[in-house]
There are 2 protein chains.
Amino acid sequence: MRPDPADPDAFRRDAHRLVDWMADYLAGVSKRPVWAQVEPGDIRAALPSEPPEHPEPFDAVLTDLDDLVMPGVTHWQHPGWFAYFPSNTSPPAILAEMVAAVLGQQGMLWKTGPAVTEVESHVLDWMVDLLGLPATWRVDSGVGGGVIQASASDATHAALVAARRRAAQERGASLVDCVAYVSAQAHSSVDKGANVAGYGHVRLIDVGDDQEQRPDALRQAIEADLAAGLVPTFVCSAVGTTGTGAVDPVRAIGEIAREWGLWHHVDAAWAGPFMMCEELRHHQDGLELVDSYVANAHKVIFTGMECTLFWVADRRPLLDAMSILPPYLRNEATESGSVVDYRDWHVALGRRFRALKLWFVLRMFGAHGIRDRLREYIRLATELSDRVDRHPSLERVAPTSFPLVSFRHTAGDDATRAMIAGIETAPDVAVTPSELGGRPFLRISIGQLTTTEQHVDHLWQLIRDQAASAAPD
Amino acid sequence: MRPDPADPDAFRRDAHRLVDWMADYLAGVSKRPVWAQVEPGDIRAALPSEPPEHPEPFDAVLTDLDDLVMPGVTHWQHPGWFAYFPSNTSPPAILAEMVAAVLGQQGMLWKTGPAVTEVESHVLDWMVDLLGLPATWRVDSGVGGGVIQASASDATHAALVAARRRAAQERGASLVDCVAYVSAQAHSSVDKGANVAGYGHVRLIDVGDDQEQRPDALRQAIEADLAAGLVPTFVCSAVGTTGTGAVDPVRAIGEIAREWGLWHHVDAAWAGPFMMCEELRHHQDGLELVDSYVANAHKVIFTGMECTLFWVADRRPLLDAMSILPPYLRNEATESGSVVDYRDWHVALGRRFRALKLWFVLRMFGAHGIRDRLREYIRLATELSDRVDRHPSLERVAPTSFPLVSFRHTAGDDATRAMIAGIETAPDVAVTPSELGGRPFLRISIGQLTTTEQHVDHLWQLIRDQAASAAPD
């Protein structure tokens, strides 16, 4: 008899088999090379050119997964992952994804997914407390509120659209005159988001010695634009830039934003979760002068993609920009005004049960367990920074406020490039080469779930060896 | 000893236990009431107000999932789901989500996820063939290409942004003058997307007797806008409107779009997958006059959310609008020009391994197996339409080109409302009341994975009973 792909019993059998595959993957990922071992086109060439016409058993798919797909997987869950930023999943998050997958929720409205909606509001309110955010940002405060967005880029784009809307309503701004300001070191998503949102102008603001946005340069840019008849609309403070982990002065930027009526967005996509540790919160001092804030739970809160936490201090401009209610979505709960309908908080209408993984992770790690790990990453990065500082041939290019260590070879750019190239030949670590002011540097991000002191020691050994052979004395 | 939430062995044990929970859910979902059985606030009230500080075992979380969360779940995977459109998952998709969850991929660049990227390009090229789309839309043609977006709303928004970009480049259009055109019956995402993308104007075009966009009304609106000095930029043809499943004349609209240089987007979010059946492709005749096209695999291709298939006939305007390359993302593969970097195809930078579920579903159902099910939904909807047409107290308000049946009571609006209210008291079906021209009607969508003739017969029994008691002779 032909297998029925919709049969729950077949699913039970296949899924048990797959669980062992999954646990084996987690147990063995550290033994794989971190980067995928394929050349462009290899995977497509291995797949049949014609689509499958007839049903195949799960065994056949699992075999092809192992043979054809796995060689093309870059292992973000490897303990030697020091590249970009971490994008962590974890067993609790995987369990939650399994539940979310089988429930197949579509929580566009409270009515179509009360649990999707209320668990999301609830865990985001928990996170307000855990990150030391203003209490008025809680959904249940009725003023601001949090929502899970697909990515930080989507969240920043939503903030830009809400800001544009507010500027149009309050100041009659035309989009072509709207200006967005962001540190020259900030994430590309701000620049991209402003372009996508149709801003007429984006200004990249100069940074100081620590790669932080300079408030005086911001003020100067705003004044020049005002003099030219433009409408300064949006400014982003980066708490932990992607380039070097720099921290913009949130309070000083917030004061300027208030003075001229700009929307003030904080991009803490990576560093935000570290605010679970009270001793780091001085980096975000000034949140009462902030209109929106983004932090990715799928980086160091171990939830897996896509779990971007986004808050607005006042939800009205966001809802004004994103609300729409066609007749087929009308319902009693919405009309009562007593529920949150998250479709009005982002571009997408449909939405999965994404909050489940944050709930599982918070329960199974406990806030305490997450904080312990975050502090360990900070400790490991501080130690690596100290080693770099003590090394005669290495120099850091930026402070290490969060677990990102950026440095170069003192013998010049060629030596830095040679050192990086040498490190990149190691199969068991992944790092990111970058550039600052046209000069290369190496960017080491610490925060993969299974990374321990031993992995960082191994990396340091590689760095030391390659620094030595890059520019022999 | 305290449990380690990152331990693969603990995961193995917990996940096996969860698989039985999942299979039991699938086997038993038909016995649950379709709609969630909670009032606004119930779930939040059941959750502790303080975030969890200490780690808890999976058992405790699973117990709370059952006791606190499940009562708030609306069961989109119930065979009595006739509401909105279906949002189907299936065992193959769930298995793929499990794999995707454990691999924790972040495929922003080819380099960071070669398998994420190439499997996605490959299955989208398969879908070009399976849906009868133009061959130049294949990624490997080098001209157009397909990408998975999070939602149809995101895809339509991306099309609007690309269109805006092309109009600015080719015609020097200022955003404030850009006009988007869409049928008054089309999905709210077009209107919302145009607002989010900053279009100065959105025109809702009149529909004909079958609720299809009228090309003469479109032409008239374009001519009026041109006369007023505006820039007609974007027009959407809906193939299967959300309201009543109406089909806009793609070719006629495409010809007008070509004449005036508008971007022509086809919203086939729901009906697109039915094009796997050749006999239905006449509904999308004229695709050579189309610039972009969206179809949701997570509706009737059973992949689960979020699996929106989006194609552009020419990828340059989209990439021009969405590309950005900061130094920390530079890499050899990107610079070689031989790879696709999907971060340039949407707003988000990060991306999960979403293509895996489409690959699993196509393999385990086979195209043939999917087509069989789509044809069965068409047959069931046609039969229901015929029953409505033969019933003396019921009248359809729109044709049934795809499995959506829209009708009302002949005794007037109060009778229609009473009939709908009566049907809505049944625990084992979900339907959607809507409105057309200010008058209520009932909207029955057929296409849940496990829906069979027996479930539609039961629904028909309910309709007949409630039609009778709504307006007794």
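Residues numbered from 1 in each chain as written. Chains lettered and ligands numbered in written order. Predicted model: local features only at pLDDT ≥ 70, side-chain atom pairs only at ≥ 80, totals over all residues.

1. Let's talk about the interface of chain A and chain B
Counting from both sides, the interface comprises 118 residues of chain A and, opposite them, 117 residues of chain B. Counting residues per element, the side of chain A that touches chain B draws most heavily on helix H1 (residues 8–28) of chain A, at 15 residues. For the side of chain A that touches chain B, the class distribution of residues is 67 nonpolar, 34 polar and 17 charged. (Contact = placed C-beta atoms within 7 Å. Helix = DSSP H or I, 4+ residues; strand = E, 2+ residues; numbered from the N terminus. Nonpolar A, V, L, I, M, F, W, Y, C, P; charged D, E, K, R; others polar.)

2. Topic: the sheet that holds strand S10 (residues 432–436) of chain A
All names here are of chain A. Taken in spatial order, the 4 strands line up as S8-S9-S11-S10 in an open sheet, and their pairing is antiparallel. In this open sheet, the two strands that pair with only one neighbour each are strand S8 (394–396) and S10. Between one strand axis and the next, the sheet turns by 40° as a mean value, whatever way the strands run. Taken together, the 4 bridges between strand S9 (residues 404–409) and strand S11 (residues 439–445) define a ladder with antiparallel strand orientation. Considered in S11, the bridge of Leu404 is made with Ser445. Helix-sheet contacts for helix H13 (residues 355–390) involve S8, S9 and S11, and the interaxial angle to S9 is about 15°. (Pairing = 2+ DSSP bridges. Axes fitted to C-alpha atoms, helices over the stretch in contact; angles between N-to-C directions.)

3. Observations concerning the domain arrangement of chain A
Taken domain by domain, chain A holds domain 1 (8–31 + 36–73), domain 2 (105–352) and domain 3 (366–470). The C-alpha-based centres of domain 1 of chain A and domain 2 of chain A are spaced at 38 Å. (Domains from an automatic or database assignment.)

4. Describing the confidence of the model for chain A
Where the model shows low pLDDT, its predicted coordinates should not be examined in detail. In the predicted model, chain A carries a mean pLDDT of 96, and the fraction of residues at 70 or more is 99%. We note a pTM of 0.97 for the whole complex and an ipTM of 0.97 for its interfaces. (pLDDT = per-residue confidence, 0-100.)

5. Quick word on the nonpolar core
Ranked by internal contacts, the top residues of the largest apolar core, which has 343 residues, are Met98 of chain A together with Met98 of chain B. Ranked by residue count, the leading element in this core is H13 of chain A, at 18 residues. For Met98 of chain B, the residues in contact, after removing those within four places along its chain, are Ala15, Leu18, Met22, Met98 and Ala101 of chain A. (Core = buried A, V, L, I, M, F, W, Y, C linked by C-beta atoms within 7 Å. Buried ≥ 20, exposed ≤ 12 C-beta atoms within 10 Å, placed from the backbone.)

6. Some points on the pairing of S11 of chain A
Residue and element names in this part refer to chain A. Within S11, 6 of the 7 residues are buried, which leaves the element mostly enclosed by the surrounding structure. Two strands pair when backbone bridges link them, and S10 and S11 are joined in this way by 5 bridges, in the antiparallel orientation. Bridging from a neighbouring strand, Leu436 pairs with Arg439 of S11. Hairpin geometry of S10 and S11 is characterised by an intervening segment of 2 residues between the two adjacent antiparallel strands and by a positive phi of about 55° at Gly437.

7. Quick look at the packing of helix H4 (residues 91–103) of chain B against helix H13 (residues 355–390) of chain B
Residues and elements named next belong to chain B. Their axes nearest at 8 Å, the elements H4 and H13 cross at an angle of 145°. Where H4 crosses over H13, the handedness of that crossing is right-handed. Each of Pro92, Ala93, Leu95, Ala96, Glu97, Val99 and Ala100 in H4 lies in contact with H13, whose residues at this interface are Leu356, Lys357, Phe360, Val361, Met364 and Phe365. For the contact of H4 with H13, a count of residues per class yields 11 nonpolar, no polar and 2 charged. (Left-handed = near helix turned anticlockwise from the far one by under 90°.)

8. Points about the pairing of strand S6 (residues 292–296) of chain B
Working note: regular strand, side chains alternate between the two faces of the sheet. Residue and element names in this part refer to chain B. The buried fraction of S6 amounts to 5 of the 5 residues, a majority that puts the element mostly inside the structure. Here S6 shows two buried faces, one formed by Ser292, Val294 and Asn296 and the other by Tyr293 and Ala295. As judged from the 3 bridges shared by strand S5 (residues 263–267) and S6, these two strands associate in the parallel manner. Bridging from a neighbouring strand, Asp267 pairs with Val294 of S6. Pairing geometry for S6 and strand S7 (residues 308–312), over 5 bridges, is antiparallel. Considered in S7, the bridge of Val294 is made with Phe310.

9. A word on the environment of Arg258 of chain B
Residues and elements named next belong to chain B. Note on placement: Arg258 falls in helix H9 (residues 250–260). On the neighbour-count criterion, Arg258 (13 C-beta atoms within 10 Å) is partly exposed. Arg258 sits 32 residues away from Val290 along the chain, and the two C-alpha atoms are 9.0 Å apart.

10. Concerning unusual backbone geometry
For the peptide bond that leads from Met305 of chain A to Glu306 of chain A, omega is -15°, which places it in the cis range. You can see Glu306 of chain A is positioned in the loop between helix H10 (297–300) and strand S7 (308–312).

11. A look at the packing of H1 of chain A against helix H1 (residues 8–28) of chain B
The contact between H1 of chain A and H1 of chain B brings their axes to 9 Å, and the two run at 160°. Between H1 of chain A and H1 of chain B, the interaxial angle falls into the category roughly antiparallel. Crossing angle aside, the handedness with which H1 of chain A passes H1 of chain B is right-handed. On the side of H1 of chain A, the interface is formed by Pro8, Phe11, Arg12, Ala15, His16, Val19, Asp20, Met22, Ala23, Leu26 and Ala27 of chain A, while H1 of chain B contributes Pro8, Phe11, Arg12, Ala15, His16, Val19, Asp20, Met22, Ala23, Leu26 and Ala27 of chain B. Class assignment for the residues of the contact of H1 of chain A with H1 of chain B results in 16 nonpolar, 2 polar and 4 charged. (Parallel < 35°, antiparallel > 145°, perpendicular 65-115°, else oblique.)

12. A word on H4 of chain B
All names here are of chain B. The first and last C-alpha atoms of H4 sit 19 Å apart over 13 residues, in line with the 18 Å expected at 1.5 Å per residue. The element H4 is extensively covered by neighbouring structure, given that 13 of its 13 residues are classed as buried. Once H4 finishes, Gly104 follows within two positions and takes phi at roughly 50°, a positive value. (Expected span 1.5 Å × (residues − 1).)

13. Points about the sheet that holds strand S3 (residues 201–205) of chain A
Residues and elements named next belong to chain A. Strand order in the open sheet made by the 7 strands is S1-S7-S6-S5-S4-S2-S3, with mixed pairing throughout. Sheet topology places strand S1 (145–149) and S3 at the edges, where each strand pairs with a single neighbour. For this sheet, the mean inter-axis angle between neighbouring strands, taken without regard to orientation, is 20°. As defined by bridge partners, strand S2 (residues 178–183) adjoins strand S4 (residues 231–238) across 5 bridges and the pair is classed as parallel. Bridge pairing in S4 links Val182 to Cys236. Strands in contact with helix H7 (residues 188–196) are S2, S3, S4 and strand S5 (263–267); relative to S2, the strand with the most contacts, it is inclined by about 170°.

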